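Fold and contact review
Spelled out from the first residue to the last, the chains are:
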Amino acid sequence: MRHRYRGFATLNMSGPRERQSFVLLILGTALVFIFTGAFAMLEAERSAHSSDIGRLTTHLSADTLLWAMGREIPYLATMRDKQDDGRMSRLFFELATSIDPKDPRTFIGRELPGFSLFDTEIVVAGKGVKYTDVPIESEPPPDLAKELERQSERVKDHTPSDRVDKPSPSSSVKRVFIYQTHFSESYLPDLGRRDPDMAYDWDKNVIMVGKRLGEELERLGIGTEVSTAHYKEPHPKLYRSSRKTVLAAMRQNQDLQYFIDIHRDSQRRDKTTTTIDGKPYARISFVIGTAHEDWEQNLKLARQLHNKLESLYPGLSKGVFLKNRATGNGEYNQSLSPRSILVEIGGVDNSFVEVFRTTKALARAFADLYFQTEPVDARTSAPSGSR
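Below is a short write-up of the structure.

What counts and what doesn't
- Residues numbered from 1 in each chain as written.
- Predicted model: local features only at pLDDT ≥ 70, side-chain atom pairs only at ≥ 80, totals over all residues.
- Heavy atoms only, no water.
- Patch = residues over 30% accessible without salt bridge, like charges linked within 9 Å, V, L, I, M, F, W, Y side chains within 5 Å.
- Areas by Shrake-Rupley, 256 points an atom, 1.4 Å probe, with all protein chains shown as cover.
- Salt bridge = Lys/Arg side-chain N within 4 Å of Asp/Glu carboxyl O.
- Helix = DSSP H or I, 4+ residues; strand = E, 2+ residues; numbered from the N terminus.
- Buried < 20%, exposed > 50% of the residue type's maximum accessible area, 1.4 Å probe, protein only.
- Phe/Tyr/Trp six-rings, centres within 6.5 Å; stacked < 30°, edge-to-face > 60°.
- Lys NZ or Arg CZ within 6 Å of the ring centre and 35° of its normal.
- Pairing = 2+ DSSP bridges.
- Expected span 1.5 Å × (residues − 1).
- Axes fitted to C-alpha atoms, helices over the stretch in contact; angles between N-to-C directions.
- Parallel < 35°, antiparallel > 145°, perpendicular 65-115°, else oblique.
- Left-handed = near helix turned anticlockwise from the far one by under 90°.
- Contact = heavy atoms within 4.5 Å.
- Nonpolar A, V, L, I, M, F, W, Y, C, P; charged D, E, K, R; others polar.
- Core = buried A, V, L, I, M, F, W, Y, C linked by side-chain atoms within 4.5 Å.

**Some points on a nonpolar patch on the surface**
- On the surface, Phe22, Val23, Leu24, Ile26 and Leu27 cluster together into a nonpolar patch covering about 500 Å² of accessible area.
- On the secondary structure map, isoleucine 26 appears in helix α2 (residues 16-45).
- Among the residues examined, isoleucine 26 registers a relative accessible area of 46% and is labelled partly exposed.

Here's what the structure looks like:
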């Protein structure tokens, strides 16, 4: 017994380096959790208007910041010189995958529910909107994705002309192009389902919303083209597919000036519905990607639409949100035009009736802005309309 006791004591008292490493590991882990919690709290309490320096550094990698600061601090320049090897390979990797190897948020932001919300910047907050109300992008579960893929096999490849639906000839000059990157996004009440992960359909989806918006804009005298493309590629590659659609439309019609990508939010009904004049409306959100140089031009248009909706239909717009690569695509094809926006209309629990009410309201707000800024293009005056 004495011998075994001495051996046990020797085992526990030996290896000071191991014990030190273990203690450091525990302390390091605790500090990580403390820092993460503090960061989340600060982000949640941050004002909707971020500082200019904050917006600028969002788009700079750690290497770029280190290089800039190294011009003033020699020690940082020394650190940068040691890290130059492999910079180009990291750059190409980030461009191809939207993942920054040095930023863990780009790895785990899409895997941990709610984590990416704090990477979204609320530029303009609608009534009652907090960080928990930020639009959420999701994709079909594997089984449903396979079913959608099987349905795509029965559809022949579209030619560029097949991808466009011109609602009516009320305006000969087409200025607005509407498309749906995540075309299969749909609404549970009209699908007869309850599981929010199943709010996708090949036939009954946001393409119907895009077509309705096109019809409303045409009715108001604004020439519009609507893409009805169904893409066969996997969900992560859909922005690449819809980019081809937009580029084809731009080549075919150089008069196009506005590009609207219609989506459906993955948030639940309490965060995507409001009541106006006793009728339920699906709330709307404007998402602007910052992963390109000219995003502020798109932001200007989104702000104008939010403000116009707020004056016509108070509470209908959830606001304007900025997203970078850490939260998803981050560019959303908006680098193609300074008048490109992504619009989320309603959530999984809204009905097409509620969504179409909002679509009509969006068309009215857009028409008001359009005829104010481009009177030369107006062949007819926009009717006042009613809610």
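Read on for the rest.
**Focus: the packing of aromatic side chains**
- Tallying each qualifying case throughout the model produces 12 aromatic pairs.
- A centroid spacing of 5.4 Å and a plane angle of 65° characterise the contact between tyrosine 239 and tyrosine 332, whose relative ring orientation is edge-to-face. Of the two residues, tyrosine 239 sits in helix α11 (residues 238-252) while tyrosine 332 sits in the loop between β9 (317-323) and β10 (340-345), which places them 93 residues apart along the sequence. Tyrosine 332 carries the same exposure label as tyrosine 239, and that label is buried.
- With 5.7 Å between their ring centres and 40° between their planes, phenylalanine 352 and phenylalanine 356 make a pair best called tilted. Here phenylalanine 356 and phenylalanine 352 lie together in helix α14 (residues 352-373), a separation of 4 residues that amounts to about one turn. For the residue pair phenylalanine 352 and phenylalanine 356, the accessibility class agrees, reading buried in each case.
- Ring pairing ties together the aromatic residues Tyr258, Phe366, Tyr370 and Phe371, which thus form one cluster.
- Just above the ring of phenylalanine 356 sits the side chain of arginine 212; from NZ or CZ to the centre is 4.0 Å.
- The aromatic ring of tyrosine 200 is capped on one face by arginine 264, whose charged end is 5.0 Å from the ring centroid.

**A word on the pairing of strand β8 (residues 284-289)**
- Extensive coverage of β8 is indicated by the burial of 6 of its 6 residues.
- Here β8 shows two buried faces, one formed by Ile284, Phe286 and Ile288 and the other by Ser285, Val287 and Gly289.
- In terms of strand pairing, β8 meets β9 through 6 bridges, oriented parallel. Opposite isoleucine 288, over in β9, you have leucine 322 as the bridge partner.
- Looking at chain direction, β8 and β10 are connected through 4 bridges and run antiparallel. Its bridge partner being in β10, phenylalanine 286 is matched across the sheet by valine 343.

**Quick look at helix α13 (residues 295-312)**
- An ideal rise of 1.5 Å per residue puts 26 Å on 18 residues; α13 measures up with 26 Å between its terminal C-alpha atoms.
- Residues Trp295, Asn298, Leu299, Leu301, Ala302, Leu305, His306, Lys308, Leu309 and Leu312 constitute the buried set of α13.

**Focus: the pattern of salt bridges**
- Under the defined criterion, the tally for this structure stands at 12 salt bridges.
- Between lysine 174 and glutamate 218 there is a salt bridge; the shortest N-O distance is 2.7 Å. Placement of lysine 174 in strand β3 (residues 174-179) and of glutamate 218 in helix α10 (residues 206-219) is noted, with a sequence separation of 44 residues between them. As far as burial versus exposure is concerned, lysine 174 and glutamate 218 are alike and both buried.
- The closest approach of N and O atoms between lysine 318 and aspartate 265, which form a salt bridge, is 3.4 Å. A residue pair is termed long-range when its members are at least 10 positions apart, and lysine 318 in strand β9 and aspartate 265 in the loop between β5 (258-263) and α12 (269-272) qualify at 53 residues. Neither lysine 318 nor aspartate 265 differs from the other in exposure class; each is buried.

**Focus: the packing of α10 against α14**
- Where α10 meets α14, the closest approach of the two axes is 9 Å, and the angle between their N-to-C directions is 40°. It follows that α10 is oblique to α14 by the angle criterion. Judged by the twist between their axes, the crossing of α10 over α14 is right-handed. Two secondary-structure elements touch here, α10 through Met208, Val209, Arg212, Leu213, Glu216, Leu217 and Arg219 and α14 through Phe352, Val355, Phe356, Thr359, Lys360, Leu362, Ala363 and Phe366.
- Split into classes, the residues belonging to the contact of α10 with α14 amount to 10 nonpolar, 1 polar and 4 charged.

**Quick notes on the environment of aspartate 255**
- For aspartate 255, the position within the fold is in the loop between α11 and β5.
- For the pair aspartate 255 and lysine 174, spaced 81 residues apart in the sequence, the C-alpha separation amounts to 6.3 Å.
- When near neighbours in sequence (up to four residues on either side) are disregarded, aspartate 255 contacts Val173, Lys174 and Arg175.

**Brief notes about the nonpolar core**
- By size, the foremost hydrophobic cluster in this structure holds 47 residues, and its most contacted members are Ile260, Ile262, Phe286, Leu309, Ile341, Val343 and Phe366.
- Counting residues per element, this core draws most heavily on α14, at 12 residues.
- Excluding residues within four positions of it along the chain, valine 343 makes contact with Ile260, Asp261, Ile262, His263, Ile284, Ser285, Phe286 and Leu362.
- The next biggest cluster of nonpolar side chains, apart from the first, holds 9 residues, and it includes Leu148, Phe183, Tyr200 and Trp202.

**Some points on the packing of α13 against α14**
- Running from N to C, α13 and α14 point in directions that differ by 115°, and their axes come no closer than 9 Å. Of the two possible hands of crossing, α13 and α14 adopt the one that is right-handed. Judged by residue contacts, Gln304, Leu305, Lys308, Leu309 and Leu312 of α13 engage Ala361, Leu362, Arg364, Ala365, Phe366, Asp368, Leu369 and Gln372 from α14.

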